[in-house]
Amino acid sequence: TIAAPSNPPNGDKVLEEVTKGGGDSQESSELPNTRMNKLRFAFRMYDLDGDDMISREELLAVLSMMVGSNINQEQLQSIANRTITEADSDKDGLISFEEFAAALEKSDVEQKMSIRFLS
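Residues numbered from 1 in each chain as written. Predicted model: local features only at pLDDT ≥ 70, side-chain atom pairs only at ≥ 80, totals over all residues. Heavy atoms only, no water.

A. Highlighting the overall build of the protein. The number of helices and strands found in the protein is seven helices and two strands. Counting all 119 residues of the protein, 33% fall into the buried class. Residue pairs at least 24 apart in sequence account for 59% of intrachain contacts in the protein once pairs closer than 6 positions are excluded. Surface summary for the protein: the accessible area is close to 7600 Å², and the carbon and sulfur share equals 52%. (Helix = DSSP H or I, 4+ residues; strand = E, 2+ residues; numbered from the N terminus. Buried < 20%, exposed > 50% of the residue type's maximum accessible area, 1.4 Å probe, protein only. Contact = heavy atoms within 4.5 Å. Areas by Shrake-Rupley, 256 points an atom, 1.4 Å probe, with all protein chains shown as cover.)

B. Spotlight on helix H3 (residues 35-46). An ideal rise of 1.5 Å per residue puts 16 Å on twelve residues; H3 measures up with 17 Å between its terminal C-alpha atoms. Burial analysis of H3 places nine of its twelve residues in the buried class, which makes it a mostly covered element. When we look at burial in H3, the residues that qualify are Asn 37, Lys 38, Leu 39, Arg 40, Ala 42, Phe 43, Arg 44, Met 45 and Tyr 46. (Expected span 1.5 Å × (residues − 1).)

C. Here's a closer look at unusual backbone geometry. In this structure, Asp 52 is a non-glycine residue whose phi angle is positive, near 65°. Take Asp 52: it is sitting in the loop between H3 and strand S1 (53-54). Of the residues examined, Asp 52 reaches a relative accessible area of 54% and is grouped as exposed. A positive phi angle, close to 55°, is found at Lys 91, a residue other than glycine. Among the structural elements, Lys 91 can be located in the loop between helix H5 (73-87) and strand S2 (95-96).

D. A look at the packing of aromatic side chains. Scanning the entire structure with this criterion turns up three aromatic pairs. Clustering of aromatic rings is evident, with ring pairs tying together Phe 43, Tyr 46, Phe 97 and Phe 100. (Phe/Tyr/Trp six-rings, centres within 6.5 Å; stacked < 30°, edge-to-face > 60°.)

E. Focus on the side chain of Asp 88. Locating Asp 88 in the fold gives a position in the loop between H5 and S2. This buried residue, Asp 88, is left without a salt bridge; Lys 91 holds the nearest opposite charge, at 5.8 Å. Among the polar contacts listed, one links the side chain of Asp 88 to the backbone nitrogen of Lys 91, at a separation of 3.2 Å. Filtering out sequence-adjacent residues up to four positions away, Asp 88 remains in contact with Gly 93, Leu 94 and Glu 99. (Lys, Arg positive; Asp, Glu negative; His and termini not counted. Salt bridge = Lys/Arg side-chain N within 4 Å of Asp/Glu carboxyl O. Polar contact = N/O pair within 3.5 Å; in protein donor to acceptor, adjacent residues only side chain to side chain.)

F. How the structure looks around the packing of helix H4 (residues 56-67) against H5. Close contact between H4 and H5 brings their axes to 9 Å; oriented N to C, the two are set at 130°. The angle between H4 and H5 places the two elements in the oblique class. Judged by the twist between their axes, the crossing of H4 over H5 is right-handed. Within the contact between the two elements, H4 uses Arg 56, Leu 59, Leu 60, Leu 63, Ser 64 and Val 67 and H5 uses Gln 73, Leu 76, Gln 77, Ile 79, Ala 80, Asn 81, Thr 83 and Ile 84. Here the residues of the contact of H4 with H5 sort into eight nonpolar, five polar and one charged. (Axes fitted to C-alpha atoms, helices over the stretch in contact; angles between N-to-C directions. Parallel < 35°, antiparallel > 145°, perpendicular 65-115°, else oblique. Left-handed = near helix turned anticlockwise from the far one by under 90°. Nonpolar A, V, L, I, M, F, W, Y, C, P; charged D, E, K, R; others polar.)

G. Here's a closer look at the nonpolar core. Residues Leu 39, Tyr 46, Ile 54, Leu 59, Leu 63, Ile 95 and Phe 100 are the most contacted members of the largest nonpolar core, which totals 19 residues. Breaking this core down by element, the ones donating at least two residues are H3, H4, H5 and helix H6 (97-103). Broken down by element, this core gets its largest block of residues, five residues, from H4. (Core = buried A, V, L, I, M, F, W, Y, C linked by side-chain atoms within 4.5 Å.)

What follows is the structure, given as structure tokens:
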């Protein structure tokens, strides 16, 4: 399964995505806190080159940023390979947004990607 980003992969990229304010008309017509918008945000954190696909190299780079030196390179490659194999339904070696969303279908994205404010 695709690892949910527990730590921001790149502070500048996160800030860019947050301040972008939507992008296309489909996204901007939705409420910002919807499941689909959270999935799009998470997808963009992995899509480092902005080509609307997640490659094995991008997945490895983000995983490396998230875990640091806690996991060796061989283990990271194994995780990336398994993730691509499981999520890549059209077998092109890349993960599209649709494949990403399908892989996270049973994940509680709303809970994991929400900030609770205490009053």
